[in-house]
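Structure assessment
What follows is the residue order along each chain.
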Amino acid sequence: MASLRRSAAAVLICLALAPGVQAWGPLGHSVVADLAQRQLNPTAEAVVERLLAPEHTRSLADIASWPDEIRNDPRQAELWNTTRGLHYVDFTSGDCDYQPPRDCRDGVCVVAGIDHYVKVLGDKGQPDAVRLEALKFVVHFIGDEHQPLHGGSRDDKGGNAYQVQFNGKGTNLHSVWDSGLLKTRGLEWKAYADELDARGPVELPPRIPPLDNDYAQWAEESCAISRDIYPDGHKIDQTYVDKELPVAELRLRQAGRRLADVLNVTLGH
Ligand SMILES: [Zn+2]
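Residues numbered from 1 in each chain as written. Predicted model: local features only at pLDDT ≥ 70, side-chain atom pairs only at ≥ 80, totals over all residues. Heavy atoms only, no water.

By the naming in an unreviewed UniProt entry, the chain is S1/P1 nuclease, taken from Dyella halodurans.

Right, here's the structure in full:
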């Protein structure tokens, strides 16, 4: 019995750690959501609060990780299966040039996921329950897309298959970027958002004219960053943290600003 229970636990742990399905951890997602909520116009804020009411919260941070949490909810197995491929886009090793037939086959990638759920969220003909679900995915996926390794290379599953040493333990680079780097600050999400907010308005990269697709551009930015964050000798040391934590925090701030822009345009008038 004990060994059965142990192997069942092992299976659960393996499922929870399955590659390609992680994201900014709850800390990063809540920070992005909270930064965005601070930048909503009054109309968008009112719609957000109305949609969130059945969740007994007014805070986007509280629902920001839900699209990851449904992985562990048997009642949501079907929704998880249809959305699990929408948290990231894997680029080929050659370049960071987003080409949907190659990089987003059958519309299964974060670029298409954001596009789909923004449309549902903005459709006033949909019931509020449907728009609430769409809101959760929009908040989550825009956060995910700014995690550089959610636009990483297919070769190593966005860093999931790239082993590193961090704090004396073995882990993978994707996990370090999801949560390990951010946790080195030792802050809860509210305090972390306060601190990032206090840095003032974030600078956004200029739009790339030929692309003309914001969601694709954000993925290409992540891809370009991801190519530059592989540590020497597979080791995450303090020098690495000092160099890369500001990059991670810039991406959180950019995600917050852009999520606010999307919600203000979609809900704010
Ligand atoms: Zn995710």
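Examining the nonpolar core
Among the nonpolar cores identified, the biggest contains 73 residues, and L60, V138, W177 and L263 are the most heavily contacted of them. With 11 residues, the single largest contributor to this core is helix α12 (residues 238-267). Apart from the residues within four sequence positions on either side, L263 is in contact with L40, A44, L60, L121, L135, V138 and G268. (Core = buried A, V, L, I, M, F, W, Y, C linked by side-chain atoms within 4.5 Å. Buried < 20%, exposed > 50% of the residue type's maximum accessible area, 1.4 Å probe, protein only. Helix = DSSP H or I, 4+ residues; strand = E, 2+ residues; numbered from the N terminus. Contact = heavy atoms within 4.5 Å.)

Topic: the sheet that holds strand β3 (residues 235-236)
Across the sheet, which stays open at both edges, the 3 strands sit in the order β2-β1-β3 with mixed pairing between neighbours. Taken across any chain shown, the strands that pair with only one partner, and hence form the sheet edges, are β2 (169-172) and β3. Bridge count for strand β1 (residues 163-166) against β2 is 4 bridges, and the pairing is antiparallel. Counted as the bridge partner of V164 is T171 from β2. (Pairing = 2+ DSSP bridges.)

What about the environment of P127?
Mapped onto the elements, P127 comes out in the loop between α7 (110-122) and α8 (128-145). Spatially, the C-alpha atom of P127 lies 10.0 Å from that of L51, the residues being 76 residues apart in sequence.

Overview of α8
The periodicity of an α-helix, 3.6 residues per turn, causes residues three or four positions apart to be oriented the same way. The first and last C-alpha atoms of α8 sit 25 Å apart over 18 residues, in line with the 26 Å expected at 1.5 Å per residue. Most of α8 is tucked away: 14 of the 18 residues are buried. (Expected span 1.5 Å × (residues − 1).)

Regarding the state of the cysteines
Overall, the coordinates contain 2 disulfides when judged by the stated rule. Note on cysteine connectivity: C96 is disulfide-linked to C223, with sulfurs 2.0 Å apart. Handedness of the C96-C223 disulfide follows from its S-S torsion of about -75°: it is left-handed. Taken together, the positions of C96 in the loop between α5 (77-83) and α6 (100-103) and C223 in helix α11 (residues 214-226) put the pair 127 residues apart, joining distant regions of the chain. Both residues of the pair, C96 and C223, belong to the buried class. Between the sulfur atoms of C104 and its disulfide mate C109 the distance is 2.2 Å. Because the torsion about its S-S bond is -90°, the bridge between C104 and C109 counts as left-handed. Among the residues examined, C104 registers a relative accessible area of 6% and is labelled buried. Using a relative accessible area of 0% as the deciding quantity, one classes C109 as buried. Here the disulfide map of the chain reads 1-4, 2-3, the bonded cysteines being numbered as they appear in the sequence. (Disulfide = S-S within 2.5 Å.)

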